[in-house]
Amino acid sequence: MELYLGIEIGGTKLQLVMGDEAGKILERRKFGVEPGEGAEGIRQQIEQGISELTPNNKPQAVGVGFGGPVDWKTGRICRSHQIEGWSGFDLGGWLRKLTGRLLVVDNDANVAALGEAKHGAGVGFDPVFYVTLGSGVGGGLVVNGTIYHGASPGESEIGHVRLDRGGTTVESQCSGWAVDAKIRELRAREPNGPLARLVGESVGSEATHLPIALQHEDPAAKQILETLAQDLAFGLSHVTHLFHPEIIILGGGLSGIGEPLRAAVEKAHRDFIMEAFLPGPSIALSMLGEDAVPVGALQLAKRNPHFT
């Protein structure tokens, strides 16, 4: 059985997986990212994870999804928006020396899009657009089973699409951190509201309480969801008008809100697209969840490895 190594390098987590040619994850190492330790701290974790996963099973190739703009042809990082120390780093060259294997490095949202297109919610659809709603907002487009690449160092940056001329972006309104901030503002204004009581005094990941508040039909939670869906749908309408994918997949932490988010985005999206495109792309939740990038990285390693 041929084995492949998949690596996800994000702003809050690091995952390394060993998997087979069918994209099945056989073994995993997961680490929390400490921003204060910078890129060097993450590289030490990568070395540890590789040493633990590959003592007896050597991968045929390595695929990497990195959280930020990447020159996919060389494996050189442009920058990370969350972690210091990555700008200009030759990740491909460093991993080549570390593993001695063929490899490919790409943006994490691109890689997740490939994972969903081949093994998740995008199976049977073409083109496939994937948007990740995490600490930031990223996107990836898969056409004819292949990641769409523009000029280096990036493409499909839906998070940086502007919602107005003043500079408001999709990421500034629709990222997990943005929704967390809105909930903290709500807690300050309405400390006795249902959502505020669920959050309590905790700081960070406030959005994880939204599903329960929505189940209890909290008006404030409904308003936060409606605003999120409107902003996201408006941003995605530009994707539809430019590329007209058959399906748009919602991934990342906020996709955990589930069906209420999917349905609200689908409804709002129809109001923002031209009549000729109606009813518009299918809107779906990620099937792979937090495995979207690792599974996509395995697929990338199998199909497109090269010495960077």
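Residues numbered from 1 in each chain as written. Predicted model: local features only at pLDDT ≥ 70, side-chain atom pairs only at ≥ 80, totals over all residues. Heavy atoms only, no water.

(A) Region of interest: the packing of aromatic side chains. Evaluated as defined, the whole model comprises 5 aromatic pairs. Among the aromatic residues, those joined into a ring-pair cluster are F66, W86, F89 and W94. The ring of F89 is capped by R43, whose NZ or CZ atom sits 4.1 Å from the centre of that ring. (Phe/Tyr/Trp six-rings, centres within 6.5 Å; stacked < 30°, edge-to-face > 60°. Lys NZ or Arg CZ within 6 Å of the ring centre and 35° of its normal.)

(B) Molecular detail of the nonpolar core. Grouped together as the largest cluster of nonpolar side chains are 37 residues, with contacts concentrated most on L195, L236, L250 and V265. In terms of residues, this core owes the most to one element, helix α8 (residues 219-243), which gives 10 residues. If we skip the residues at most four places from it in the chain, V265 touches A229, L232, A233, L236, L250 and I283. Ranked by size, the runner-up nonpolar core spans 27 residues in total, among them L3, I42, W94 and L95. (Core = buried A, V, L, I, M, F, W, Y, C linked by side-chain atoms within 4.5 Å. Buried < 20%, exposed > 50% of the residue type's maximum accessible area, 1.4 Å probe, protein only. Helix = DSSP H or I, 4+ residues; strand = E, 2+ residues; numbered from the N terminus. Contact = heavy atoms within 4.5 Å.)

(C) Expanded view of α8. With 25 residues, α8 extends 35 Å from end C-alpha to end C-alpha; this agrees with the ideal 36 Å at 1.5 Å per step. If you check the start of α8, you find a side-chain oxygen 3.2 Å away from the backbone N of A220, and it comes from D218. Where α8 terminates, the next one or two residues include H244, which has phi positive at roughly 45°. (Expected span 1.5 Å × (residues − 1). Polar contact = N/O pair within 3.5 Å; in protein donor to acceptor, adjacent residues only side chain to side chain.)

(D) How the structure looks around the packing of α8 against helix α9 (residues 259-272). One way to put it is that α8 packs onto α9 with a least axis distance of 8 Å and a crossing angle of 50°. If you check the angle between α8 and α9, you find them oblique. Considering the relative orientation of α8 and α9, their crossing is right-handed. Residues L225, L228, A229, Q230, L232, A233, F234, L236, S237, T240 and H241 of α8 lie in contact with α9, whose contacting residues are P260, L261, A264, V265, A268, H269 and F272. Each residue belonging to the contact of α8 with α9 can be placed in one class, and the counts come to 13 nonpolar, 5 polar and no charged. (Axes fitted to C-alpha atoms, helices over the stretch in contact; angles between N-to-C directions. Parallel < 35°, antiparallel > 145°, perpendicular 65-115°, else oblique. Left-handed = near helix turned anticlockwise from the far one by under 90°. Nonpolar A, V, L, I, M, F, W, Y, C, P; charged D, E, K, R; others polar.)

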